[in-house]
Amino acid sequence: MAAREGRAVVFIDETSLYLLPGVVRSYAPRGCTPVLRAPLTREHLSLIGGVTPDGRLFQRALPHTVKGPDVVRFLKHLVRHLGRVLVIWDGLPAHRSQVVKEYLREEARGRVRLERLPAYAPDLNPEEGIWRHLKLVDLANVCCKAVIELKIACRRATERLRHKVEVIKGCFGLAGLPV
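What counts and how
- Here the residue numbers are simple positions, counted from 1 along each chain's written sequence.
- Local features in this predicted model are restricted to residues whose pLDDT is 70 or higher, and side-chain atom pairs enter the listing and the counts only when it is 80 or higher, whereas totals over whole chains, interfaces and linings include all residues.
- To obtain the side-chain values, all non-hydrogen atoms of the structure were used and water was disregarded.
- By the criteria applied, helices consist of DSSP H or I runs no shorter than four residues and strands consist of E runs no shorter than two, each listed in order from the N terminus.
- Note on method: radius of gyration uses C-alpha positions; expected globular size equals 2.2 Å times residues raised to 0.38.
- Each residue is assigned to one of three classes by its accessible area relative to the maximum for its type, calculated with a 1.4 Å probe on protein chains only: buried under 20%, partly exposed between the two thresholds, exposed over 50%.
- By the convention used here, residues are in contact when the closest approach between their heavy atoms is within 4.5 Å.
- Accessibility throughout is a Shrake-Rupley quantity obtained with a 1.4 Å probe, and a residue counts as covered only by protein chains that appear here.
- All tallies of charge rest on Lys and Arg as positive and Asp and Glu as negative; His and the ends of each chain are not included.
- Note on charges: their place is set at NZ of Lys, CZ of Arg, CG of Asp or CD of Glu.
- Angles run from 0 to 180 degrees between N-to-C directions of axes, and those axes are lines fitted to C-alpha atoms, restricted for helices to the stretch in contact.
- Should the near helix be turned anticlockwise from the far one by less than a right angle, the crossing is termed left-handed; should it be turned clockwise, right-handed.
- Polar here means any residue other than Ala, Val, Leu, Ile, Met, Phe, Trp, Tyr, Cys and Pro, which are nonpolar, and Asp, Glu, Lys and Arg, which are charged; Gly is therefore polar.
- Pairing between two strands is assigned when DSSP locates at least 2 bridges connecting them.
- Only residues whose relative accessible area exceeds 30% and that take part in no salt bridge are eligible for patches, with like-charged residues grouped when within 9 Å of each other and nonpolar side chains (Val, Leu, Ile, Met, Phe, Trp, Tyr) grouped when within 5 Å.
- By salt bridge we mean one thing: a side-chain nitrogen of Lys or Arg within 4 Å of a carboxyl oxygen of Asp or Glu.
- Points on a 1 Å grid, built from protein atoms alone, make a cavity when a 1.4 Å probe fits but cannot get out and make a pocket when they are open with protein on both sides within 12 Å along at least 5 of 7 lines; residues with an atom within 4 Å of a point are the lining residues.
- Grid points are joined across faces, edges and corners, and a volume is the space filled by probe spheres set on the points.

(A) Molecular detail of the overall build of the protein chain. Scanning the protein chain from N- to C-terminus turns up 6 helices and 5 strands. The helix and strand sequence of the protein chain, counted from the amino end, reads α-β-β-β-α-β-α-β-α-α-α. For a compact globule of 179 residues, the expected C-alpha radius of gyration is about 16 Å, and the protein chain comes in at 18 Å, within 12% of that figure. Its C-alpha atoms give the protein chain principal-axis dimensions of roughly 60 × 35 × 30 Å. Going through the 179 residues of the protein chain one by one, you find that 41% of them count as buried. Sequence-distant contacts in the protein chain: of pairs separated by 6 or more residues, those separated by 24 or more amount to 72%. Of the roughly 10400 Å² of accessible surface on the protein chain, 55% is carried by carbon and sulfur atoms. Charged side chains in the protein chain number 30 positive and 18 negative. The centres of these two groups are separated by 3 Å.

(B) Structural context of the environment of Val 147. Positionally, Val 147 belongs in helix 5 (residues 147-162). Residue Val 147 is classed as buried on the basis of its relative accessible area, which comes to 16%. For the pair Val 147 and Ser 16, spaced 131 residues apart in the sequence, the C-alpha separation amounts to 12 Å. Filtering out sequence-adjacent residues up to four positions away, Val 147 remains in contact with Leu 19, Glu 43, His 44 and Leu 45.

(C) Expanded view of unusual backbone geometry. Look at Tyr 120: it is not a glycine, yet its phi comes out positive at around 60°. Examined against the element boundaries, Tyr 120 turns out to sit in the loop between strand 5 (112-116) and helix 4 (126-138). The backbone phi angle of Asn 141 is positive, close to 60°, even though this residue is not glycine. Summarising the element assignment, Asn 141 is placed in the loop between helix 4 and helix 5. Accessibility expressed as a relative area gives 24% for Asn 141, which makes it partly exposed.

(D) Region of the structure containing the packing of helix 4 against helix 5. Contact pair helix 4 / helix 5: the axes reach a minimum separation of 11 Å and the direction vectors enclose 115°. Crossing handedness for the pair helix 4 and helix 5: right-handed. Of the residues in helix 5, those touching helix 4 at Ile 130, His 133, Leu 134 and Asp 138 are Ala 157, Thr 158, Arg 160 and Leu 161. Tallied by class, residues from the contact of helix 4 with helix 5 come to 4 nonpolar, 2 polar and 2 charged.

(E) Main features of the pairing of strand 3 (residues 57-62). Pairing of strand 2 (residues 44-51) with strand 3, which is carried by 6 bridges, proceeds in the antiparallel orientation. The residue bridging Ile 48 from the neighbouring strand is Arg 60, located in strand 3.

(F) Up close: a nonpolar patch on the surface. Together, Tyr 18, Leu 20 and Leu 40 line one region of the surface with nonpolar side chains, adding up to about 360 Å² of accessible area. Overall, Tyr 18 belongs to the partly exposed group, its relative accessible area being 43%.

(G) Quick peek at the layout of surface pockets. Of the volumes computed, that of the largest pocket is approximately 230 Å³. Lining the largest pocket are 15 residues, and of these Asp 13, Asp 90, Gly 91, Leu 92 and Tyr 120 sit closest to its centre. Each residue belonging to the lining of the largest pocket can be placed in one class, and the counts come to 8 nonpolar, 2 polar and 5 charged.

By themselves, these are just geometric observations and shouldn't be taken as functional.
See the structure below:
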């Protein structure tokens, strides 16, 4: 249906990154456990991202929790880069906010079509695989003292991932979707 309507399919999801590092295995010699020092804080970076079956990756970092206006800005960003889109996302309350509904009714004018994933089925969204890769591979054991450092590290990790189209397409395979 999306191909008939000339729409790009985009899977969207949100996540958060905290200053505490995602600790994974290291290459330290046995018996010499590395010590990661990070501040104990609840400061975080919220991310909203989208991925297309052809391997394109879109992402925005926010210093606060994702809200309706942030979703609208991201949708505008997608329309600017992709034209007509079919957005597939979960049931986050920000997705159902009044600001998003007004944007879709007044500004989007048929350029954005929405489909919702089933509740409690994050394994159907390939963007979850992108988050997993960013957190457990590209940002593994990364310690940041401030949110701005985390934002820079996240931007660099995303740029590296954009060049790994096979990894991005592999996330679609993990979600059980043909590429």
